[in-house]
Structures are given as structure tokens and as C-alpha cells.
Amino acid sequence: MNKLIIAGPCSAESRAQVLLAARAVKAAGAEIFRAGAWKPRTHPGGFQGIGEEALDWLAEAQETVGIEAATEVASAAHVRLCLEKGIRTLWIGARTTTNPFLVQEIADALKGEYARVLVKNPVNPDVDLWMGAAERFAASGVNDIILVHRGFSNDLEGRYRNDPKWHVILKVRERMPDLPLICDPSHIAGKRELVREIAQRAMDLGLDGLMIECHPNPEEALSDAAQQLTPSQLEKLLSGLVIRVPDSDDAAYRDRLEMLRSQIDSLDADIIDSLARRMEISRLIGALKRENGISIVQPARWGRVMQDAFERAEASGLDQDLVNRIFSLIHEASVKQQ
Ligand code: PEP
Ligand code: MN
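Residues numbered from 1 in each chain as written. Chains lettered and ligands numbered in written order. Predicted model: local features only at pLDDT ≥ 70, side-chain atom pairs only at ≥ 80, totals over all residues. Heavy atoms only, no water.

Draft legend 1. Geometry of a nonpolar patch on the surface. A cluster of nonpolar residues, I281, L284 and I285, forms a patch on the protein surface that exposes about 280 Å² of accessible area. As for its placement among the helices and strands, I285 is situated in helix α11 (residues 251-292). Look at I285 and you get partly exposed, because its relative accessible area is 37%. (Patch = residues over 30% accessible without salt bridge, like charges linked within 9 Å, V, L, I, M, F, W, Y side chains within 5 Å. Areas by Shrake-Rupley, 256 points an atom, 1.4 Å probe, with all protein chains shown as cover. Salt bridge = Lys/Arg side-chain N within 4 Å of Asp/Glu carboxyl O. Helix = DSSP H or I, 4+ residues; strand = E, 2+ residues; numbered from the N terminus. Buried < 20%, exposed > 50% of the residue type's maximum accessible area, 1.4 Å probe, protein only.)

Draft legend 2. Layout of helix α13 (residues 320-337). With 18 residues, α13 should cover 26 Å at 1.5 Å per step; its first-to-last C-alpha distance of 25 Å lies within 8% of that length. Taken residue by residue, α13 has V323, I330 and S334 as its buried positions. One side of α13 carries all its buried residues, which in axial view fall inside an arc of 40 degrees. Looking at α13, the residues exposed on the side facing more than 90 degrees away from the buried face are L329 and K336. (Expected span 1.5 Å × (residues − 1). Arc of directions from axis to C-beta.)

Draft legend 3. View of the pattern of salt bridges. Taken as a whole and judged by the stated rule, the model has 18 salt bridges. Here D128 makes a salt bridge to R175, at a shortest N to O gap of 2.8 Å. With a gap of 47 residues between them, D128 in helix α6 (residues 127-139) and R175 in helix α7 (residues 166-175) connect regions that are remote in the sequence. Put simply, R325 and D321 hold a salt bridge, and the shortest N to O gap is 3.6 Å. Linking R325 with D321, this pair stays in helix α13, spanning four residues, or about one helical turn.

Draft legend 4. Local environment of the site of ligand 1. Residues in contact with ligand 1, as listed here, are C10, R34, K39, E72, W91, G93, A94, R95, K120, R150, H187 and E213. Between K39 and ligand 1, the recorded distance is 2.8 Å, taken from a side-chain N or O atom to an oxygen atom. Here an oxygen atom of ligand 1 sits 2.6 Å away from a polar atom, N or O, in the side chain of R150. Burial of ligand 1 by the surrounding chains reaches 98%, relative to a free accessible area of 300 Å². Looking at the shell around ligand 1 residue by residue, the class counts come to three nonpolar, two polar and seven charged. (Near = heavy atom within 4 Å. Polar contact = N/O pair within 3.5 Å; in protein donor to acceptor, adjacent residues only side chain to side chain. Nonpolar A, V, L, I, M, F, W, Y, C, P; charged D, E, K, R; others polar.)

Draft legend 5. Structural detail: the state of the cysteines. Counted by the stated rule, this structure contains zero disulfides. C10 supplies the cysteine sulfur nearest to C82, a cysteine that is in no disulfide, at a spacing of 16 Å. The class of C82 is buried, set by a relative accessible area of 0%. (Disulfide = S-S within 2.5 Å.)

Draft legend 6. Main features of unusual backbone geometry. Look at K165: it is not a glycine, yet its phi comes out positive at around 40 degrees. Here K165 shows up in the loop between β6 (144-149) and α7. Within the chain, D224 stands out as a residue other than glycine whose phi angle is a positive 50 degrees. Take D224: it is sitting in the loop between β8 (209-213) and α10 (231-240).

This is the structure:
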């Protein structure tokens, strides 16, 4: 499989757990072993990680198991300790990526050092903040930078712990085409039963790899117990992944694809024509309201428009969120016209 696979427990908990997990993920096909030495916890009082001592266990795993080890760093002091112990694959957690001061401090600590840096997305869907963090490492001379998609915080109780917002990821791909982009389905899913579907989706979208949490005994894990896989679940997930090829020259496939694409092109043209006509009418309504001294925004009318759109969307099996986003943009543009 031509994908970068990183796996290991959320946290390094004991020497035995680290060595057992490192062996297990290597056997399941992982190339890099992950385990957090310092854990950023939302609430105080939770398990904050073992800290420095865990780095010795990671270094031992590199030596005796023969797998590269990675851990999270959130300060220059963390970086120095890791480099001292020979841990050179470091990830920047989602909470740290939001803070350019910290990112800069970490990047400065890496100047002149060989390191591989995995930059997780910030908790909020801010592509520039994410890109900016990667740029700070590049400017420090780090030339092995990998982006990690771990989903975005969400105030709504959704299916997943963190909203994958795949459209944001496609935008990142477009803006940073040269940086490898992998997915952390564990922190998106939040529950082990949902890790596989996210991992497969990431592969279907052509992402370059996966970082998956795997613990020898997930039920007993000191952090993120609900989302970690057992080694055998990890092995099953990895061996069951369907990896698509980027393209094919098969004539039947090509013909059918061209046919479907020409239908899409013609529908896209219809959408643009309809939008232009809609804006024209919007301008006429604007003029009419102006002549009659009527205010531009009429919430009750807009509520009915959205309601109709939702009902139509539902009847056609369309995603409500998609319709909501498109219509909100149309409304915004319409108001501007008036
Ligand atoms: C982690 O990888 O264990 C972690 C804390 O991740 P994130 O920064 O994505 O929440
Ligand atoms: Mn975790």
C-alpha cells in the first residue's frame, strides 16, 4: 500500500504498553509509531501524559522494535527533549496550530535540526492558519512536513467528535498541492466503530495516509478510550481498505466518464444561467422596494423561501446542509444586489 500509516496509542502510559503497542502496530503494517508523551487535555485533572520519561520508552521502541516513533510537542522545551532522546518525528496538536506564537517557538527550536513535522489542522476550519503553521516550519528549514486532517470542533452533537468538513480539506489540497496530507480518523470519529468509514473516505479522496490510534487494551486507556482500536481491529481496518488508483486508460471507463461529465457540464451551465436570471429579478425587486420605500430584508419571506427549498431538497434526497449553505450564499448575494 503506497500510503503512510502511523498508528499507536493516544498516550504513552507505561514502558510495557509502549513496547507492546509498537510491536503490534508494526505487525499490522504501520511505518511510524505514535504515542503522546504530553497530552493537551480540555479539562484540568485529566491524565496529562507521562512527560519526559515516556521519551525513553519511545526511544527504546525505535531501537528494539525497529519503528520510527512520533510524539506531540507544544513548546521549544518539548522539542529539545525529543531531539536529545532521538525522537525526530514530531506532531503539532490541533490546539497548538491555532497559536502562531507557539508554532514559531517550536519552528525556531528546529532550526538546523533534522526533523519530520506533522502539522495537525487547527481546531477551527481556518485554512490560512494551518498553512501559516506549515510555512513557519518550512522557513525554519524543515523539509519533511506533513499535514494531518483531524476534523474541526463543532458545537452541534453530530455523528462525529470532530466535523471532517471534507470541502475544507479539498481546498487545502488545492492550495498546498505539494505537501503530503494524511487523515487522523480517530480524532474525527471519537468512537472506534466509526474510524473505518472515515479512513476509507480519506482514501477515496486520495489522501496520502492515515494516523490511527491503537492501544493494546483500549478499554483501559488513560485518554481517548472510546476511539482507540485494538491491534487486531487495526490490522483488519488496514487490510480491508480499498485504495483507488488516480486514473485509468480503460476505454469503456473513459467513454462512460466523458458522457457523465458532459451531463455535469451542461447542468453547471444551467445553474449559472439560472443564477444570473435570479439576480436580474432580484434587482427588479430591489428597484420596486426602493420606489415604494420598503425595507430590503424581509425575514418572513426568506424563511418561506428556505422552507420551500428544504422541503424540495428532502423530497429529492439532497443534503439539507448543502442546500442551507448554497441558499445562504444566494441570499447574501441577492441582498447585495438590492
Ligand atoms: C492526539 O493526537 O492525541 C491529539 C491530542 O490530537 P489533536 O491535537 O488532533 O486533538
Ligand atoms: Mn488522542
